[in-house]
Amino acid sequence: DQGSKDNLTRQAQRLSDYAVAKGYKIYKVVKEIGSGLNDNRKQLSKLLNDDNYNILLVEHPDRLARFGLNYLEILLNKLGKELEIVNKANNEKDELMQDLISIIYSFSARMYGHRRAKRKTEKITQELRS
């Protein structure tokens with residue numbers, strides 16, 4: 001949806017600004033709409049197979065993966081690459097809540113379709129926060 005695309009564009013711009021401020025040369029900006037729970041992400045697969053960069057820059061850990069982030073970091077290090085996360089989660093409770101919401105959304109999307117899943121997830125999230 002357009003809101004997700006706009007959010008991705010803003011996120012990419014923030015990361016580009018960060019990279020320039022750090023003196024990094026930007027090789028490629030990759031934008032992919034998809035859940036960090038999805039293990040079949042085409043853009044991420046292409047990126048992991050690309051030899052032409054040495055720092056993978058992400059804004060939040062969950063933009064790369066909800067689970068198994070440590071394994072990705074080990075893989076990248078083995079490939080001679082560094083994973084740099086700009087905004088690591090400071091609040092473990094909020095991070096766990098986001099993980100739970102992502103899991104609920106992922107399962108709901110598979111069961112009910114994406115639009116209906118979004119409404120169901122919003123309802124469950126409101127109940128969890130109450």
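My aim in this report is to walk through the structure given alongside it, one point at a time. (Residues numbered from 1 in each chain as written. Predicted model: local features only at pLDDT ≥ 70, side-chain atom pairs only at ≥ 80, totals over all residues. Heavy atoms only, no water.)

Points about the overall build of the chain
Scanning the chain for helices and strands turns up six helices and two strands. Counted from the first residue to the last, the chain has its helices and strands arranged as α-α-β-α-α-β-α-α. Looking at the chain as a whole, 30% of its 130 residues are labelled buried. Pairs at least 24 apart in sequence give 61% of the contacts found in the chain among residues at least 6 apart. Of the accessible surface of the chain, which amounts to about 9500 Å², a share of 49% is contributed by carbon and sulfur atoms. (Helix = DSSP H or I, 4+ residues; strand = E, 2+ residues; numbered from the N terminus. Buried < 20%, exposed > 50% of the residue type's maximum accessible area, 1.4 Å probe, protein only. Contact = heavy atoms within 4.5 Å. Areas by Shrake-Rupley, 256 points an atom, 1.4 Å probe, with all protein chains shown as cover.)

Description of the nonpolar core
Counting residues in each nonpolar core, the largest one holds 13 residues, and the members touching the most others are Leu-56, Val-58, Leu-64, Leu-76 and Leu-83. Mapped onto this core, the elements with two or more residues apiece are helix 2 (42-48), strand 1 (55-58), helix 4 (69-78) and strand 2 (82-85). Beyond its immediate chain neighbours, meaning those up to four positions away, Val-58 contacts Leu-15, Leu-64, Leu-83, Glu-84, Ile-85 and Val-86. (Core = buried A, V, L, I, M, F, W, Y, C linked by side-chain atoms within 4.5 Å.)

Considering the layout of surface pockets
Taken as a whole, the second largest pocket holds about 710 Å³ of empty space. Along its surface, the second largest pocket is lined by 29 residues, and Lys-28, Val-29, Val-30, Leu-56 and Leu-57 are the ones closest to its centre. Every element with two or more residues in the lining of the second largest pocket is listed here: helix 1 (2-22), helix 2, strand 1 and helix 3 (61-64). In terms of residue count, the dominant contributor to the lining of the second largest pocket is helix 1 (six residues). Considering only residue class, the lining of the second largest pocket consists of 17 nonpolar, five polar and seven charged. (1 Å grid on protein atoms, 1.4 Å probe; cavity = no way out; pocket = protein on both sides within 12 Å on 5 of 7 lines; lining within 4 Å. Points joined across faces, edges and corners; volume = space filled by probe spheres on them. Nonpolar A, V, L, I, M, F, W, Y, C, P; charged D, E, K, R; others polar.)

Considering the pattern of salt bridges
Tallying each qualifying case throughout the model produces four salt bridges. Among the ionic pairs, Asp-50 bridges to Lys-28, the shortest N-O distance being 3.2 Å. Separated by 22 residues along the polypeptide, Asp-50 in the loop between helix 2 and strand 1 and Lys-28 in the loop between helix 1 and helix 2 bring together distant segments of the chain. Classification of Asp-50 by relative accessible area gives buried; the value is 9%. Glu-32 is the salt-bridge partner of Arg-41, the closest N and O atoms lying 3.3 Å from each other. Using a relative accessible area of 15% as the deciding quantity, one classes Glu-32 as buried. (Salt bridge = Lys/Arg side-chain N within 4 Å of Asp/Glu carboxyl O.)

Focus: a nonpolar patch on the surface
A cluster of nonpolar residues, Val-20, Ile-26 and Val-29, forms a patch on the protein surface that exposes about 250 Å² of accessible area. Along the chain, Ile-26 falls in the loop between helix 1 and helix 2. (Patch = residues over 30% accessible without salt bridge, like charges linked within 9 Å, V, L, I, M, F, W, Y side chains within 5 Å.)

Section: helix 1
Helical periodicity: at 3.6 residues per turn, an α-helix aligns residues three or four positions apart in one direction. Under the 1.5 Å per step criterion, the end-to-end length of helix 1 is 30 Å for 21 residues, consistent within 8% with the ideal 30 Å. Here helix 1 has its buried residues at Leu-8, Gln-11, Ala-12, Leu-15, Ser-16 and Ala-19. Taken down its axis, helix 1 places every buried residue within 140° of arc, on the same side. Facing away from the buried side of helix 1, by more than 90 degrees, are the exposed residues Gln-2, Val-20 and Ala-21. Looking at the buried side of helix 1, the elements it contacts are strand 1 and helix 3. A positive backbone phi angle near 80° is found at Gly-23, which sits one or two residues after helix 1. (Expected span 1.5 Å × (residues − 1). Arc of directions from axis to C-beta.)

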